[in-house]
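# Chains, contacts and geometry: an overview
Below, each chain spelled out in residue letters.
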Amino acid sequence: MSTAPTPFDPDAPDGGRRALIRRNPEDESELEMVEAVWGSDPRFSDGINYRFVRSEGRAFPKRRCLIPASEFRMGTGDHRYRVTLDSGNFFYLAAIWDPSLADWPLSYRILTIAAGADVISYQQRHGVIIQRRDVMHWLDGTLPNEVLFEEPPRHTLFVEPLRSQAELPL
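The model shown is predicted, which means the values in this text are computed figures rather than measured ones. (Residues numbered from 1 in each chain as written. Predicted model: local features only at pLDDT ≥ 70, side-chain atom pairs only at ≥ 80, totals over all residues. Heavy atoms only, no water.)

### Remarks on the packing of aromatic side chains
Applying the stated criterion to the full structure yields 7 aromatic pairs. With 5.7 Å between their ring centres and 75 degrees between their planes, Phe-90 and Tyr-92 make a pair best called edge-to-face. On the basis of relative accessible area, Tyr-92 is assigned to the buried category, the value being 12%. Cluster of aromatic residues (ring-pair linked, three or more members): Phe-8, Trp-38 and Phe-52. Looking at Arg-22, its charged tip hangs above the ring of Trp-97, at a distance of 4.3 Å from the centre. Taking NZ or CZ as reference, Arg-64 lies 4.1 Å from the ring centre of Trp-138, over its face. (Phe/Tyr/Trp six-rings, centres within 6.5 Å; stacked < 30°, edge-to-face > 60°. Buried < 20%, exposed > 50% of the residue type's maximum accessible area, 1.4 Å probe, protein only. Lys NZ or Arg CZ within 6 Å of the ring centre and 35° of its normal.)

Here you go:
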(Lines give C-alpha, C1' and ligand atoms only; values in the text may rest on other atoms or scores of the structure.)
Protein backbone atom coordinates (compact mmCIF):
# COMPACT_ATOMS: atom_id res chain seq x y z
CA MET A 1 0.00 0.00 0.00
CA SER A 2 1.54 3.27 -1.12
CA THR A 3 1.42 6.33 1.09
CA ALA A 4 1.96 8.70 -1.85
CA PRO A 5 -1.09 10.49 -3.24
CA THR A 6 -2.11 9.07 -6.61
CA PRO A 7 -4.78 9.97 -9.18
CA PHE A 8 -8.30 9.06 -8.09
CA ASP A 9 -9.86 7.42 -11.12
CA PRO A 10 -13.46 6.13 -10.91
CA ASP A 11 -12.73 3.84 -13.86
CA ALA A 12 -9.59 2.26 -12.39
CA PRO A 13 -9.45 -1.51 -12.95
CA ASP A 14 -8.57 -2.26 -9.30
CA GLY A 15 -12.14 -1.51 -8.18
CA GLY A 16 -11.10 1.56 -6.24
CA ARG A 17 -8.95 -0.28 -3.69
CA ARG A 18 -6.98 2.50 -2.03
CA ALA A 19 -5.31 3.66 1.12
CA LEU A 20 -7.48 5.72 3.43
CA ILE A 21 -6.62 7.71 6.53
CA ARG A 22 -8.89 7.55 9.56
CA ARG A 23 -8.96 7.54 13.33
CA ASN A 24 -8.17 4.06 14.61
CA PRO A 25 -11.52 2.67 15.86
CA GLU A 26 -9.63 0.78 18.61
CA ASP A 27 -7.76 3.90 19.78
CA GLU A 28 -9.29 7.22 18.66
CA SER A 29 -6.11 9.10 19.64
CA GLU A 30 -4.27 7.35 16.82
CA LEU A 31 -4.40 8.00 13.07
CA GLU A 32 -3.98 5.02 10.79
CA MET A 33 -3.69 4.29 7.09
CA VAL A 34 -5.52 1.18 5.94
CA GLU A 35 -6.55 -0.28 2.61
CA ALA A 36 -10.23 -0.30 1.70
CA VAL A 37 -12.41 -0.89 -1.34
CA TRP A 38 -14.55 1.78 -2.91
CA GLY A 39 -18.31 1.33 -2.53
CA SER A 40 -20.92 0.14 -0.10
CA ASP A 41 -21.94 -3.45 0.55
CA PRO A 42 -24.70 -4.10 -2.02
CA ARG A 43 -26.44 -6.58 0.31
CA PHE A 44 -27.84 -3.66 2.31
CA SER A 45 -29.00 -1.48 -0.58
CA ASP A 46 -31.11 -3.57 -2.95
CA GLY A 47 -28.02 -4.91 -4.73
CA ILE A 48 -26.58 -1.48 -5.50
CA ASN A 49 -22.97 -0.65 -4.68
CA TYR A 50 -23.06 3.05 -3.77
CA ARG A 51 -19.75 4.80 -4.31
CA PHE A 52 -20.76 8.39 -3.63
CA VAL A 53 -22.77 10.15 -0.91
CA ARG A 54 -24.31 13.60 -1.32
CA SER A 55 -23.04 15.79 1.46
CA GLU A 56 -25.83 18.35 1.57
CA GLY A 57 -27.80 18.33 4.82
CA ARG A 58 -25.76 15.55 6.43
CA ALA A 59 -23.50 15.67 9.48
CA PHE A 60 -21.31 12.52 9.24
CA PRO A 61 -20.52 12.40 12.97
CA LYS A 62 -18.69 9.05 12.79
CA ARG A 63 -16.39 7.04 10.51
CA ARG A 64 -14.85 9.99 8.70
CA CYS A 65 -11.83 9.29 6.54
CA LEU A 66 -9.67 10.80 3.83
CA ILE A 67 -8.50 9.51 0.48
CA PRO A 68 -5.11 11.02 -0.53
CA ALA A 69 -5.17 12.17 -4.17
CA SER A 70 -2.90 13.99 -6.57
CA GLU A 71 -5.85 14.55 -8.91
CA PHE A 72 -9.29 13.20 -9.65
CA ARG A 73 -10.49 12.06 -13.01
CA MET A 74 -13.86 12.46 -14.62
CA GLY A 75 -15.50 11.82 -17.93
CA THR A 76 -18.31 13.06 -20.12
CA GLY A 77 -19.21 10.89 -23.06
CA ASP A 78 -15.99 9.85 -24.78
CA HIS A 79 -13.97 12.64 -23.18
CA ARG A 80 -11.84 12.13 -20.05
CA TYR A 81 -10.34 14.88 -17.90
CA ARG A 82 -7.96 15.20 -15.00
CA VAL A 83 -8.57 17.76 -12.27
CA THR A 84 -5.73 19.05 -10.11
CA LEU A 85 -5.30 21.90 -7.70
CA ASP A 86 -4.00 24.91 -9.57
CA SER A 87 -1.23 25.15 -6.94
CA GLY A 88 0.01 21.66 -7.87
CA ASN A 89 -0.43 20.40 -4.28
CA PHE A 90 -2.02 17.10 -3.46
CA PHE A 91 -5.28 17.03 -1.50
CA TYR A 92 -7.70 14.62 0.11
CA LEU A 93 -11.19 13.53 -0.84
CA ALA A 94 -13.59 13.46 2.10
CA ALA A 95 -15.13 10.04 2.63
CA ILE A 96 -16.85 7.84 5.16
CA TRP A 97 -15.82 4.27 5.86
CA ASP A 98 -17.85 1.16 6.63
CA PRO A 99 -16.47 -1.76 8.64
CA SER A 100 -15.89 -5.12 7.02
CA LEU A 101 -18.78 -7.50 7.44
CA ALA A 102 -18.92 -11.20 6.53
CA ASP A 103 -17.34 -11.42 3.06
CA TRP A 104 -17.45 -7.65 2.33
CA PRO A 105 -14.16 -5.85 3.12
CA LEU A 106 -13.56 -2.50 4.79
CA SER A 107 -14.99 0.03 2.35
CA TYR A 108 -15.45 3.75 1.77
CA ARG A 109 -17.74 6.14 -0.09
CA ILE A 110 -16.69 9.57 -1.39
CA LEU A 111 -18.73 12.61 -0.34
CA THR A 112 -19.84 14.93 -3.13
CA ILE A 113 -20.83 18.57 -3.55
CA ALA A 114 -22.34 20.49 -6.44
CA ALA A 115 -19.64 21.28 -8.97
CA GLY A 116 -18.10 24.73 -8.69
CA ALA A 117 -17.22 27.20 -11.41
CA ASP A 118 -14.12 25.31 -12.58
CA VAL A 119 -15.86 21.94 -13.05
CA ILE A 120 -19.54 22.70 -13.80
CA SER A 121 -19.07 22.75 -17.57
CA TYR A 122 -17.81 19.11 -17.36
CA GLN A 123 -20.09 17.53 -14.75
CA GLN A 124 -22.67 18.44 -12.10
CA ARG A 125 -20.92 17.13 -8.96
CA HIS A 126 -17.48 16.21 -7.72
CA GLY A 127 -15.82 14.83 -4.60
CA VAL A 128 -15.41 17.07 -1.57
CA ILE A 129 -11.83 18.32 -1.59
CA ILE A 130 -10.17 18.65 1.80
CA GLN A 131 -7.07 20.81 1.74
CA ARG A 132 -4.06 19.54 3.65
CA ARG A 133 -4.45 22.28 6.28
CA ASP A 134 -7.97 20.98 7.07
CA VAL A 135 -7.21 17.26 7.52
CA MET A 136 -7.68 17.23 11.29
CA HIS A 137 -10.74 19.50 11.08
CA TRP A 138 -12.45 16.90 8.88
CA LEU A 139 -11.35 13.86 10.86
CA ASP A 140 -12.26 15.41 14.22
CA GLY A 141 -15.30 17.45 13.15
CA THR A 142 -13.82 20.68 14.55
CA LEU A 143 -15.06 22.87 11.67
CA PRO A 144 -18.63 22.79 10.37
CA ASN A 145 -19.14 20.89 7.13
CA GLU A 146 -20.52 24.07 5.57
CA VAL A 147 -17.05 25.62 5.97
CA LEU A 148 -15.06 22.55 4.89
CA PHE A 149 -17.37 21.83 1.94
CA GLU A 150 -17.48 25.35 0.49
CA GLU A 151 -17.18 25.64 -3.26
CA PRO A 152 -13.52 26.24 -4.10
CA PRO A 153 -12.88 29.77 -5.41
CA ARG A 154 -12.76 30.12 -9.20
CA HIS A 155 -9.40 29.04 -10.68
CA THR A 156 -8.58 26.76 -7.72
CA LEU A 157 -9.05 23.63 -9.83
CA PHE A 158 -7.27 23.04 -13.12
CA VAL A 159 -9.14 20.83 -15.62
CA GLU A 160 -7.33 19.38 -18.61
CA PRO A 161 -8.11 16.63 -21.12
CA LEU A 162 -6.44 13.27 -20.63
CA ARG A 163 -4.47 12.32 -23.70
CA SER A 164 -4.87 8.81 -24.99
CA GLN A 165 -1.85 6.55 -25.22
CA ALA A 166 -1.97 6.82 -29.02
CA GLU A 167 -1.40 10.59 -28.80
CA LEU A 168 1.72 10.31 -26.63
CA PRO A 169 5.07 10.68 -28.42
CA LEU A 170 7.39 7.66 -28.55
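Text resumes after the structure shown.
### Overview of unusual backbone geometry
Glycine aside, a negative phi is what most residues show, and trans is what most peptide bonds show. At Asp-46, a residue that is not glycine, the phi angle is positive and equals roughly 55 degrees. Structurally, Asp-46 is set in the loop between strand 3 (27-38) and strand 4 (52-54). Non-glycine residue Arg-63 carries a positive phi angle of around 60 degrees. Tracing the sequence through the fold places Arg-63 in the loop between strand 4 and strand 5 (64-76). (Helix = DSSP H or I, 4+ residues; strand = E, 2+ residues; numbered from the N terminus.)

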